Amino acid sequence: MSAVTPDTSGAGTIATGADAVRTPPTRRLATGLVFAGLSAAAFSLSGVFASGLLDTGWSPGAMVLARVVLAAVVVLPLGIVSLRGDWRPVRRNLGLIAVYGAVSVAGCQFAYFSAVQYMAIGPALLIEYTAPAAVVLWFWLRHGQRPTRATVMGTLLAAVGLVLVLNLVSGDPGATAVDPAGVAWALVAMLGVSTYFVINANPDTGLPPLALAAGGLTTASLALGLLGATGIMPLTYSTASPVYAGTEVPWWLPVLGLGIVTAGFAYVAGIAAGRLLGPRLSSFVGLFEVVAAIGFAWLLLGELPRPVQLVGGVLILAGVVAVQAGEKRSGAAPAREP
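Residues numbered from 1 in each chain as written. Predicted model: local features only at pLDDT ≥ 70, side-chain atom pairs only at ≥ 80, totals over all residues. Heavy atoms only, no water.

Caption draft 1: Geometry of the confidence of the model for the chain. Within the chain, residue pLDDT values average 78, and 82% of them lie at 70 or more. This stretch, residues 1-23, has a pLDDT under 50; its non-local contacts, to residues over four places away or in other chains, come to 59 contacts. Below a pLDDT of 50 lies the segment residues 333-338, which in the model reaches 26 contacts outside its immediate sequence neighbourhood of four places, other chains included. (pLDDT = per-residue confidence, 0-100. Contact = heavy atoms within 4.5 Å.)

Caption draft 2: Inspection of the pattern of salt bridges at higher detail. Considering all chains together, one arrives at one salt bridge under this definition. Note that R88 and D86 form a salt bridge whose closest N and O atoms lie 2.9 Å from each other. (Salt bridge = Lys/Arg side-chain N within 4 Å of Asp/Glu carboxyl O.)

Caption draft 3: Just the packing of aromatic side chains, in detail. As enumerated under the stated definition, the model contains nine aromatic pairs in all. Their ring planes at 80 degrees and their centres at 5.7 Å tell us that Y196 and Y267 sit as a pair that is edge-to-face. Of this pair, Y196 sits in helix α8 (residues 180-200) while Y267 is found in helix α10 (residues 252-277), placing the two residues 71 residues apart along the sequence. One aromatic cluster is present, formed by F43, Y100, Y196, F197 and Y267 through successive ring pairs. (Phe/Tyr/Trp six-rings, centres within 6.5 Å; stacked < 30°, edge-to-face > 60°. Helix = DSSP H or I, 4+ residues; strand = E, 2+ residues; numbered from the N terminus.)

Caption draft 4: Quick peek at the packing of helix α1 (residues 25-55) against helix α2 (residues 60-83). Taken N-terminus to C-terminus, the directions of α1 and α2 make an angle of 130 degrees; their axes are 11 Å apart at the nearest point. When the axis of α1 is compared with that of α2, the two are oblique. Handedness of the crossing formed by α1 with α2: right-handed. Together, F43, S46, A50, L53 and L54 of α1 and P60, M63 and R67 of α2 make up the contact between the two elements. In terms of residue class, the contact of α1 with α2 is made up of six nonpolar, one polar and one charged. (Axes fitted to C-alpha atoms, helices over the stretch in contact; angles between N-to-C directions. Parallel < 35°, antiparallel > 145°, perpendicular 65-115°, else oblique. Left-handed = near helix turned anticlockwise from the far one by under 90°. Nonpolar A, V, L, I, M, F, W, Y, C, P; charged D, E, K, R; others polar.)

Caption draft 5: Summary view of unusual backbone geometry. At R84, a position not held by glycine, the phi torsion is positive, near 55 degrees. Under the relative-accessibility criterion, R84 is labelled exposed at 59%. (Buried < 20%, exposed > 50% of the residue type's maximum accessible area, 1.4 Å probe, protein only.)

Caption draft 6: Spatial organisation of α2. Between its terminal C-alpha atoms α2 stretches 33 Å, which fits the 34 Å expected from 24 residues at 1.5 Å a residue. The sharpest bend along α2 measures roughly 35 degrees and falls at V75, with the proline P77 sitting one to four residues further on. Two residues or fewer past α2, R84 is found with a positive phi of approximately 55 degrees. (Expected span 1.5 Å × (residues − 1). Bend = angle between axes of the 7 residues up to and from the residue.)

Caption draft 7: The arrangement of the environment of V99 in detail. Assignment of secondary structure puts V99 in helix α4 (residues 94-115). Judged by relative accessible area, V99 falls into the partly exposed class, the value being 37%.

Caption draft 8: The arrangement of the packing of α2 against α4 in detail. It is at 10 Å that the axes of α2 and α4 come closest, and there the two elements cross at 160 degrees. In terms of axis orientation, α2 runs roughly antiparallel to α4. Where α2 crosses over α4, the two elements pack in a sense that is right-handed. Contacts between α2 and α4 involve P60, V64, R67 and V68 on the former and, on the latter, V105, Q109 and F113. Across the contact of α2 with α4, the residue classes tally to five nonpolar, one polar and one charged.

Here it is in structure tokens:
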């Protein structure tokens with residue numbers, strides 16, 4: 001996988017089909033941050049939607065399969081249209097698409113749900129969301145892009161903020177209990193998230209964001225379907241009405257939300273953010289998924305966040321700002337979109 005090439009021209013490009021529109025760096029940054037924030041917020045809703053379905057008898061595997069298949073059905077036609085009849089980028093990147101779908105989508109989700117069978121959700125998320133640090137380390141070791149002091153400081157601030165947001169300092173032994181098998185699965189999930197950010201920001205594929213998302217979701221649907229058909233991933237579902245904010249809703253409503261909002265839209269927006277921001281900054285902005293999840297749980301499930309979690313959110317924000325400052329100093333600007 002090639003490194004992200006610095007944009008030394010002083011302007012970036014945002015692809016709109018076969019043409020490209022030149023945009024100033026500030027506009028590119030703002031647009032990328034909007035896409036990254038929307039993607040993180042959309043991903044964060046998955047836990048809220050899943051919580052109601054789990055209470056009615058859905059298995060995690062069934063929710064993930066329904067989520068990914070529905071997203072593939074929605075995004076695939078858009079991905080085909082975005083190619084404008086030119087299938088050469090798809091043929092050139094069949095291996096990359098397979099890796100993206102199997103590792104970054106299906107493998108990541110399967111590994112995370114496997115992890116939480118052995119350990120608490122908080123520690124599992126903490127391990128999974130060390131992905132930004134892994135991305136920084138990858139570009140340092142593989143491509144020689146040494147992180148600046150600001151990037152290192154931002155990484156540390158974000159790590160401390162993540163610990164506080166996940167409320168891992170409450171003193172509850174059960175909240176921090178770990179198991180070697182759970183740690184192993186969480187590390188696999190972390191590798192999946194890291195791969196997601198690196199592939200998203202790769203400008204050399206020639207694949208429009210919609211086409212990459214469509215290919216990845218379709219591949220993931222096949223992989224998860226195989227896991228379900230062989231019994232490795234249990235599939236159970238229910239048509240009982242889940243409850244959100246004290247109100248019963250039809251079972252298909254959160255399922256649609258999982259597929260269209262938390263998968264289809266989230267992956268497309270995440271890929272667009274990666275093309276504009278680069279893998280390192282987009283991965284740190286992705287930490288807002290955890291913060292947004294706390295907020296949505298408060299609004300829809302009545303789970304009031306603690307003051308320490310709010311402090312953690314502020315530290316994550318400070319970490320993102322520091323990483324952005326470090327990216328500017330190092331010259332590792334987002335790559336130009338073909």
